[in-house]
Amino acid sequence: MFRNTARLFVQKEFVPHHDRWCAQHFPDADAWTKAGAAGLLLPDVPQEYGGGGGTFAHEAVVLEELAQAGVNFGAGIQSIVAHYLLAYGGESQKRDWLPRMARGELVAAIAMTEPGAGSDLQGIRTHARRDGEHYVVNGSKTFVTNGWHAGLVCLAVKSDPRATGWKGISLVMVEAKDAPGYRAGRPLEKVGMHAQDTCELFFDDLRVPVANLLGAAEGKGFSQMMEQLPHERLTVGVSAVATTERAVAITSRYVKERTAFGKPLIDFQNTRFQLAQCMTEARIGRVFLDHCIERFIAGDLDDATAAMAKYWLTDSGCRIVDECVQLHGGYGYMREYPIARMWADSRAHRIYAGTNEIMKELIAWSL
Ligand SMILES: Cc1cc2nc3c(=O)[nH]c(=O)nc-3n(C[C@H](O)[C@H](O)[C@H](O)COP(=O)(O)OP(=O)(O)OC[C@H]3O[C@@H](n4cnc5c(N)ncnc54)[C@H](O)[C@@H]3O)c2cc1C
């Protein structure tokens, strides 16, 4: 029933506007409130905080339906920030922000990456200096999804300039709208995912109440990110598998309709074999993903397996989508064809939430 609701909502409220969102590089603001009203935001957050009271399976349904419709929308990031709040937030922080996030009145972003530090998060330079009951934040972030609409930013900062490496990193929640010293740049020109606002953020003597620190003490930010990243990686795996399945379905239809040398493309053995291979890999991905989702819901998805899911599902997803582009011929390279957009969109899966090379390092540490 929830999948049905999500599918109908996405088809009716998002798909007709998506091309315009792509052109403006962000979704309409009311897309967020509509998604909230339909129950698509924070579906796995407890009801007492305004969420849907479900599990990660509900979250996965939303992400799958967005991917199946080819819609770029940052509902997954909204959930990721909600999980930081659930895990480390104080009661008043949760009660203040989560219900508004669930209603889509407050859009959330997470800002870790900086121009000079992506994979190596220990090297971040954005810093927060304590001044009475405030932090004074200076620095910048880049590639921040939901950055254009964000009213709440989970921000990774150096709170102790003397501490080396991960020790001095904290997460502070920035209430961004109209805050003096806070500025979001125009959405960046990406290769794909055009409807999703990915921005630079700038902080210039931005004052953030000390009460907005996430967690009981400073210096916990790095371990908080390491604890929460498996969740983020699983969400990327969900999108990758849904994209893969859609690519195989779309291409199977296409090769039955398109003819060459007097017969449908499906009549060439190469077409059948390539698609059979793609379908098999997609099925393997689905089974592994479902295993990871079950383990995540049970609370025992370990970091290495989450990294395997993110790395393998996105690598195989890109291979499959690329093969499907090939089977479309020149039309596969035209943006009006969904497969072309999927090719450009899914390429980011191998890069964000930790690159696949970093995933292999994490897996290797567990050997
Ligand atoms: C569309 C999009 C959305 C994003 N959204 C967000 C967001 O919402 N919030 C946010 O904070 N960030 C976001 N990011 C940033 C993303 O997480 C980073 O781009 C990513 O972590 C890689 O960092 P980097 O770009 O600095 O690459 P680099 O760290 O410079 O890496 C460059 C290359 O070096 C490799 N490399 C680096 N270190 C190692 C190593 N130890 N071993 C082997 N290889 C290595 C990498 O794998 C990569 O191939 C987004 C990125 C994109 C593209």
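Look up a bit, the structure's there.
Conventions used here
Residues numbered from 1 in each chain as written. Predicted model: local features only at pLDDT ≥ 70, side-chain atom pairs only at ≥ 80, totals over all residues. Heavy atoms only, no water. Helix = DSSP H or I, 4+ residues; strand = E, 2+ residues; numbered from the N terminus. Rg over C-alpha atoms; globule rule 2.2 N^0.38 Å. Buried < 20%, exposed > 50% of the residue type's maximum accessible area, 1.4 Å probe, protein only. Contact = heavy atoms within 4.5 Å. Areas by Shrake-Rupley, 256 points an atom, 1.4 Å probe, with all protein chains shown as cover. Lys, Arg positive; Asp, Glu negative; His and termini not counted. Charge placed at Lys NZ, Arg CZ, Asp CG, Glu CD. Salt bridge = Lys/Arg side-chain N within 4 Å of Asp/Glu carboxyl O. Pairing = 2+ DSSP bridges. Near = heavy atom within 4 Å. Polar contact = N/O pair within 3.5 Å; in protein donor to acceptor, adjacent residues only side chain to side chain. Phe/Tyr/Trp six-rings, centres within 6.5 Å; stacked < 30°, edge-to-face > 60°.

Asks: Hey, could you run me through the overall build of the chain in this one?
Replies: Regarding its fold elements, the chain presents eleven helices and nine strands. Relative to the compact-globule value of 21 Å for 367 residues, the chain shows a C-alpha radius of gyration of 21 Å, a close match. Here the chain, with 367 residues, has 54% of them falling under the buried criterion. Within the chain, counting contacts between residues at least 6 apart in sequence, those at least 24 apart form 73% of the total. Looking at the chain as shown, the accessible area adds up to about 16,500 Å², and 54% of this sits on carbon and sulfur atoms. Each charge sign in the chain was given a centre, from 39 positive and 43 negative side chains, and these centres are 3 Å apart.

Asks: Sorry if this is basic, but what is going on with the pattern of salt bridges here?
Replies: Between side chains of opposite charge, a pair can form as their charged atoms come close. Within this structure, the stated rule accounts for 23 salt bridges. Measuring nitrogen to oxygen at the nearest pair gives 3.1 Å for the salt bridge that ties Arg341 to Asp19. Taken together, the residues span a long stretch of sequence, with Arg341 in helix H10 (residues 338–346) and Asp19 in helix H2 (residues 18–24) at a distance of 322 residues. Note on Arg341: relative accessible area 22%, which makes it partly exposed. Through salt bridges with shared partners, a single network forms among Arg3, Arg7, Glu64, Glu65, Glu245, Arg286 and Asp290.

Asks: Hey, could you run me through the pairing of strand S4 (residues 152–158) in this one?
Replies: Successive side chains on a regular strand alternate, one facing one side of the sheet and the next facing the other. Among the seven residues of S4, seven are classified as buried, and the element is accordingly described as predominantly covered. With burial as the criterion, each face of S4 is covered, one bearing Leu152, Cys154, Ala156 and Lys158 and the other bearing Val153, Leu155 and Val157. Here four bridges tie strand S1 (residues 108–111) to S4, and the two strands are oriented parallel to one another. Within the sheet, the bridge partner assigned to Ala109 lies in S4 and is Val153. As paired elements, S4 and strand S5 (residues 169–175) share seven bridges and run antiparallel to each other. Bridged to Val153 within S5 is Val174.

Asks: How should the site of the ligand be read in this particular structure?
Replies: In the region of the ligand, 16 residues are neighbours, and Thr113, Ser119, Phe143, Thr355 and Glu357 sit closest. Take Thr355: an N or O atom from its side chain is 2.6 Å from an oxygen atom of the ligand. One nitrogen or oxygen atom from the side chain of Glu357 is found 2.6 Å from an oxygen atom belonging to the ligand. Here the ligand, which alone exposes 970 Å², has 64% of that area covered by the protein. Looking at the shell around the ligand, the elements that each hand over two or more residues are S1, strand S3 (134–145) and helix H11 (356–365). Broken down by element, the residue count for the shell around the ligand peaks at three residues, all from S3.

Asks: What's the story with the packing of aromatic side chains in this structure? I'm lost.
Replies: Working definition: an aromatic ring pair is given by the centre-to-centre distance plus the angle between the planes. Counted according to the given criterion, the structure contains twelve aromatic pairs. For the pair Trp21 and Phe73, a centre-to-centre distance of 6.4 Å together with 35° between the ring planes defines the contact as tilted. Here Phe73 lies in the loop between helix H4 (56–69) and helix H5 (75–88) and Trp21 lies in helix H2, a separation of 52 residues in the sequence. The same class applies to Trp21 as to Phe73, namely buried.

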